[in-house]
Amino acid sequence: MKNFYLENYGCQMNKADSNSLINSLMQEGFIQTEDYQNADNIIINTCSVRAHAEERVFSKVKLFNAERKKNKKNTKLIIMGCMAQTSKNILENLGVDKIFDVYNETNILDYMKDEEVFIKKFNDNYIFNKSYVDKDKPHKAFLPISHGCNNWCSYCIVPHTRGKMVSRKSSEIIEEVKRLIESGAKEITLLGQNVNSYGLDIENEISFTDLLYLIDKTIDKTVGNNKIWIRFLTSHPKDFDKDLADAIWNLRSVGKHIHLPFQSGSNRILKLMNRKYDKEEYIKKISYLREYADDFPISTDIIVGYADETEEEYKETLDLLKEIGFEDAYLYKYSEREGSIAYKKKVKYDEKVGSERLRELVDFQRVLAQKLLNKQVGKRSEIMIDDTAKDNIHYQCRSKENRLILVKKEKELNMGDIYDCEITEIKNHTLIGEII
Ligand code: SF4
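The model shown is predicted, which means the values in this text are computed figures rather than measured ones.

Caption draft 1: Structural view of the environment of arginine 380. Counting through the fold element by element, arginine 380 comes out in strand 14 (residues 380–388). A C-alpha to C-alpha distance of 26 Å links arginine 380 and tyrosine 213, two positions 167 residues apart in sequence.

As structure tokens, then:
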């Protein structure tokens, strides 16, 4: 029989919620314990009225987390109450398993009884929130098109925390696009853990590539061609194909850039990561885009040091970095994420080796990116005005290829307006251009 330890902070309302939860848990067969070191579940009902109470919760979370690691117990650490809303990110970073930002006893009970059943139930009833333009940059908007992920990459925690992929209906996405355009959005970024597998979970739904065509057509009908730009994140190499590459290149509204994480240049490591593609396939897929433009900008994610990566395997990653020529790369050394498949399988890694490789990779990529950017001087591109630059004498812009370009602030321009620009020089790793 499972037990639970509960700590309550704050007002009478919190006390009432805690008492009600304790009763319901006991009716479900859970036993309350005062011994947190041996608890299966630790629940903290939090309060954010006083800084002191918040500080106590933070230190308790650290203590409970350290204890469960020391005791090697699979204790669930659960947060409810006001801090679940006010300090969600901090608590997540401290290693809390589940935060219930809205008090819902049934959800908490379901989660404690069976996490998998809870996630399934939660996802089956998943409702996408409305999207809004960015508060500080109202020409930008982010639009989630799917939630969760089915890929189970071994190092990743997302499928465990967010559950299986749920796609938003394409009809709803199109309504959202229209609404965002009415609200002033000029650049809409479609979001999903793996946007390329969009729609596969809904019978008779269109594919991601078809969704791009539909959005492009909607933009064309609503405001006219090339007045709104579409970007998307994140793509998965296993689902990226020639049709999608053609759509990216041919559709006027779609940014000419892709973020395609390759993670490792070694096929052994890719297999252990459960990435479901190999190096050769990745290179082939990149060629679909590079056939259109040999400088088609690609950014990526890389993890070094996974599964006792050998020196040779690491060199393969370095070689792939050179061969593809990424303008941007998010580089990481492997670190365990509690709850992931790799964590459960105790995948081996050497932190020191990982740090050394990461340092080398960062230096290597910095030089490579600079060389690639240098080649852009003298070229032309469409840019969108994004912000005033820190120096206050330039506008910060993004090209359609997602390159950061500064242009002189000679007159007042509107954020979100699109211009043609010529790149004239590169200063301190940043491209400088002139509006034509
Ligand atoms: S790394 Fe990305 S694709 Fe892989 S499981 Fe995590 S979210 Fe899904």
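Caption draft 2: Quick peek at the packing of aromatic side chains. Inspection of the entire model under this criterion finds 16 aromatic pairs. Between phenylalanine 262 and phenylalanine 326, the aromatic rings sit 5.4 Å apart at their centres with planes inclined by 25°, giving stacked as the arrangement. On the criterion of sequence distance, the pair formed by phenylalanine 262 in the loop between strand 11 (258–259) and helix 11 (267–272) and phenylalanine 326 in the loop between helix 13 (311–324) and strand 13 (328–333) is long-range, its members being 64 residues apart. Both residues of the pair, phenylalanine 262 and phenylalanine 326, belong to the buried class. Three or more aromatic residues joined by ring pairs make a cluster, and in this case those are Tyr155, Tyr306, Tyr334 and Tyr349. It is lysine 76 that lies over the ring of tyrosine 111; its NZ or CZ is 4.7 Å from the centre. For the cation-ring pair, arginine 179 lies above tyrosine 132, with the distance from its terminal atom to the ring centre recorded as 5.7 Å.

Caption draft 3: The arrangement of the UniProt feature "domain: TRAM" (unreviewed entry) in the protein in detail. The sites that UniProt annotates as "domain: TRAM" (unreviewed entry) are residues 374–436. Here residues 374–436 runs as 2% helix and 57% strand, with 20 Å between its end C-alpha atoms.

Caption draft 4: Fine view of the nonpolar core. With 52 residues, the main nonpolar core has Ile188, Leu190 and Phe208 as its most contacted residues. Membership of the second largest hydrophobic core comes to 17 residues, among which are Tyr9, Cys47, Phe64 and Met83.

Caption draft 5: Layout of empty space enclosed by the protein. Scanning all chains against the criterion turns up one cavity of 30 Å³ or more. Size it by volume and the largest cavity reaches roughly 30 Å³. If you trace the largest cavity, you find it lined by Tyr36, Gln37, Ile42, Phe64, Glu67, Arg68, Asn71, Lys73 and Thr75. Here the element with the most residues in the lining of the largest cavity is helix 2 (residues 51–70); it accounts for three residues. Classifying every residue of the lining of the largest cavity by side-chain character gives three nonpolar, three polar and three charged.

Caption draft 6: Layout of the packing of helix 9 (residues 208–222) against helix 10 (residues 242–250). Two elements in contact, helix 9 and helix 10, have axes separated by 9 Å at closest approach and are oriented at 20°. By the criterion of interaxial angle, the relationship of helix 9 to helix 10 is roughly parallel. Helix 10 is crossed by helix 9, and the crossing has left-handed handedness. Contact with helix 9, carried on its side by Phe208, Thr209, Leu212 and Tyr213, involves Asp243, Leu244 and Ala247 of helix 10 and no other residues of that element. Broken down by class, the residue content of the contact of helix 9 with helix 10 amounts to five nonpolar, one polar and one charged.

Caption draft 7: Representation of the sheet that holds strand 11 within the structure. Read from one edge of the open sheet, three strands run 11-12-13, paired in parallel fashion. The open sheet has two free edges, formed respectively by strand 11 and strand 13, since each of these has just one partner strand. Pairing geometry for strand 12 (residues 298–304) and strand 13, over six bridges, is parallel. Among the inter-strand pairings, aspartate 301 is bridged to a residue of strand 13, identified as tyrosine 330. Here helix 15 (residues 351–374) sits on the sheet and contacts strand 12 and strand 13; the angle it forms with strand 13, its principal contact strand, is near 165°.

Caption draft 8: Focus on the layout of surface pockets. In this structure, the second largest pocket occupies an estimated 310 Å³ of space. Lining the second largest pocket are 16 residues; nearest its centre among them are Val407, Lys408, Glu410, Gly433 and Glu434. For the lining of the second largest pocket, the secondary-structure elements that each account for two or more residues are strand 15 (394–399), strand 16 (404–408), strand 17 (418–427) and strand 18 (430–435). Of the residues in the lining of the second largest pocket, the class split is six nonpolar, three polar and seven charged.

Caption draft 9: Seen up close, the pattern of salt bridges. Taken as a whole and assessed by the stated rule, the structure comprises 29 salt bridges. Residues arginine 380 and glutamate 422 are paired through a salt bridge, measuring 3.5 Å at the closest nitrogen-oxygen approach. With arginine 380 in strand 14 and glutamate 422 in strand 17, this residue pair connects regions lying 42 residues apart in the sequence. When salt bridges that share partners are traced, they join Lys140, Glu187, Arg231 and Asp386 into one network.

Caption draft 10: Layout of the domain arrangement of the protein. The domains assigned to the protein are domain 1 (3–121), domain 2 (140–374) and domain 3 (380–435). Taking only C-alpha atoms, the centre of domain 1 and the centre of domain 2 are 34 Å apart. Contacts between the two partners involve four residues from domain 1 and, on the opposite side, four residues from domain 2. When the buried area of domain 1 at its contact with domain 2 is split by residue, Lys69, Ile119 and Lys120 rank highest and sum to 69% of it. Here domain 1 is connected to domain 2 by zero residue pairs in polar contact (both at pLDDT 80 or more). Of all the elements in the fold, those that place two or more residues in the side of domain 1 that touches domain 2 are helix 2 and helix 6 (115–124). Tallied by class, residues from the side of domain 1 that touches domain 2 come to one nonpolar, no polar and three charged.

Caption draft 11: Quick look at the packing of helix 8 (residues 170–182) against helix 9. One can describe the packing of helix 8 onto helix 9 by two numbers: an axis separation of 10 Å at closest approach and a directional angle of 35°. Crossing geometry of helix 8 relative to helix 9 is assigned as right-handed. Contacts between helix 8 and helix 9 involve Ser170, Ile173, Ile174, Val177, Lys178 and Ile181 from the former and Leu211, Leu214, Ile215, Thr218 and Ile219 from the latter. Its residues assigned to classes, the contact of helix 8 with helix 9 comprises eight nonpolar, two polar and one charged.

Caption draft 12: Here's a closer look at the sheet that holds strand 17. Within the closed barrel, the five strands sit side by side as 14-15-16-18-17. Their pairing is mixed. Averaged over all pairs of adjacent strands, the angle between their axes in this sheet comes to 55°, without regard to strand direction. As judged from the five bridges shared by strand 14 and strand 15, these two strands associate in the antiparallel manner. Within the sheet, the bridge partner assigned to threonine 388 lies in strand 15 and is tyrosine 395.

About the cut-offs
- Residues numbered from 1 in each chain as written.
- Predicted model: local features only at pLDDT ≥ 70, side-chain atom pairs only at ≥ 80, totals over all residues.
- Heavy atoms only, no water.
- Helix = DSSP H or I, 4+ residues; strand = E, 2+ residues; numbered from the N terminus.
- Phe/Tyr/Trp six-rings, centres within 6.5 Å; stacked < 30°, edge-to-face > 60°.
- Buried < 20%, exposed > 50% of the residue type's maximum accessible area, 1.4 Å probe, protein only.
- Lys NZ or Arg CZ within 6 Å of the ring centre and 35° of its normal.
- UniProt positions renumbered as here; feature names shortened; annotations may be inferred.
- Core = buried A, V, L, I, M, F, W, Y, C linked by side-chain atoms within 4.5 Å.
- 1 Å grid on protein atoms, 1.4 Å probe; cavity = no way out; pocket = protein on both sides within 12 Å on 5 of 7 lines; lining within 4 Å.
- Points joined across faces, edges and corners; volume = space filled by probe spheres on them.
- Nonpolar A, V, L, I, M, F, W, Y, C, P; charged D, E, K, R; others polar.
- Axes fitted to C-alpha atoms, helices over the stretch in contact; angles between N-to-C directions.
- Parallel < 35°, antiparallel > 145°, perpendicular 65-115°, else oblique.
- Left-handed = near helix turned anticlockwise from the far one by under 90°.
- Contact = heavy atoms within 4.5 Å.
- Pairing = 2+ DSSP bridges.
- Salt bridge = Lys/Arg side-chain N within 4 Å of Asp/Glu carboxyl O.
- Domains from an automatic or database assignment.
- Buried area = accessible area lost by both parts, 1.4 Å probe.
- Polar contact = N/O pair within 3.5 Å; in protein donor to acceptor, adjacent residues only side chain to side chain.

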